[in-house]
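Coordinates in review
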Amino acid sequence: GNRAPNYPEYKGNVTTTYRNTLGAGDWEWFARGEYTYNGKYFVDESNLAYMPEVHLFNVRFGLERDNLRGELFVTNLFDTDKWARAS
């Protein structure tokens, strides 16, 4: 009746991007938001130890033109202080 280790029951991500032109020029700007959810999972076969759920948010802002791209990004926007993996 134990659950398999290292596999959360629920896991997922959502990403959205907004794009628009920058003035009347050839440049485009974009903003992107990323959300990742990793549910609680057990780290061993006995199901005694587990990792809690984790919510991560990332954002990106940038400019593009032809084959040129500049980007600023922040990973772990809210400074979530949890372990990524355990065994």
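Higher on the page you've got the structure.
Let me sum up the structure you'll find in this document. (Residues numbered from 1 in each chain as written. Predicted model: local features only at pLDDT ≥ 70, side-chain atom pairs only at ≥ 80, totals over all residues. Heavy atoms only, no water.)

Focus on the sheet that holds strand 6 (residues 68-74)
Our working rule: Between any two strands, at least two bridges found by DSSP are needed for them to pair. Counting from the N terminus, the helices are DSSP H or I runs at least four residues long and the strands are E runs at least two residues long. Note on definitions: angles span 0 to 180 degrees between N-to-C directions of axes, and those axes are lines fitted to C-alpha atoms, for helices only across the stretch in contact.
Within the open sheet, the four strands sit side by side as 1-2-5-6. Their pairing is antiparallel. In this open sheet, the two strands that pair with only one neighbour each are strand 1 (11-21) and strand 6. Strand-to-strand, the axes of this sheet are offset by a mean angle of 15°, without reference to chain direction. Two elements, strand 2 (residues 28-38) and strand 5 (residues 54-65), share eleven bridges in a ladder whose sense is antiparallel.

Quick notes on the environment of D66
Our working rule: The cut-offs for exposure are 20% and 50% of the maximum accessible area for each residue type, with area from a 1.4 Å probe on protein chains only; residues under the lower value are buried, those over the upper are exposed, and the others partly exposed.
Structurally, D66 can be placed in the loop between strand 5 and strand 6. Residue classification places D66 among the exposed positions, given a relative accessible area of 72%. Separated by 40 residues in the primary sequence, D66 and D26 place their C-alpha atoms 8.2 Å from one another.

Describing the layout of surface pockets
Test applied: Detection works on a 1 Å grid of protein atoms alone, calling trapped sets that fit a 1.4 Å probe cavities and calling open sets with protein on both sides within 12 Å along at least five of seven lines pockets, with lining residues defined by an atom within 4 Å of a point. Grid points are joined across faces, edges and corners, and a volume is the space filled by probe spheres set on the points. By the convention adopted, Pro, Cys, Tyr, Trp, Phe, Met, Ile, Leu, Val and Ala count as nonpolar, Lys, Arg, Asp and Glu as charged, and the other residues, Gly among them, as polar.
Roughly 170 Å³ of volume is contained in the largest pocket. Lining the largest pocket are 14 residues, and of these V54, L56, K82, W83 and A84 sit closest to its centre. Per-element accounting of the lining of the largest pocket gives the leading share, three residues, to strand 2. Partitioning the lining of the largest pocket into residue classes produces eight nonpolar, five polar and one charged.

So, the pattern of salt bridges
Let me state the cut-off plainly: Salt-bridge detection follows one rule: a side-chain nitrogen of Lys or Arg within 4 Å of a carboxyl oxygen of Asp or Glu.
As enumerated under the stated definition, the model contains eight salt bridges in all. In this structure, R19 engages E28 in a salt bridge whose closest nitrogen and oxygen atoms are separated by 3.7 Å. One salt-bridge network, in which partners are shared between bridges, spans R19, E28, R32, E34, R60, E64, R69 and E71.

Topic: unusual backbone geometry
A positive phi angle is found at N47, which is not glycine, with a value near 60°. For N47, a relative accessible area of 14% corresponds to the buried category.

Side note on a nonpolar patch on the surface
Where we set the bar: Each patch is built from residues that are more than 30% exposed by relative accessible area and take part in no salt bridge. Like charges join if they lie within 9 Å; nonpolar side chains (Val, Leu, Ile, Met, Phe, Trp, Tyr) join within 5 Å. Note on areas: these come from Shrake-Rupley sampling with a 1.4 Å probe, and a residue is covered only by the protein chains present in the view.
Judged by side-chain polarity, F57, V74, L77 and F78 come together as a nonpolar surface patch covering roughly 350 Å² of accessible area. Its place among the elements puts L77 in the segment after strand 6.

Digging into the packing of aromatic side chains
The description of an aromatic ring pair rests on the distance of the ring centres and on the angle between the ring planes. Spelled out, the test is: Note on ring pairs: Phe, Tyr and Trp rings are taken, using the six-membered ring of Trp, and paired if centres are within 6.5 Å. Classes follow the plane angle, with under 30 degrees stacked, over 60 edge-to-face and the rest tilted.
This model, assessed by the stated rule, comprises four aromatic pairs. Centre to centre, the rings of Y18 and W29 are 5.5 Å apart; their planes meet at 55°, and the pair counts as tilted. Here Y18, found in strand 1, pairs with W29, found in strand 2; they are eleven residues apart in sequence, far enough to count as distant. By relative accessible area, which is 29% here, W29 ends up partly exposed. With centroids separated by 6.4 Å and ring planes inclined at 75°, the aromatic side chains of F42 and Y50 adopt a geometry described as edge-to-face.

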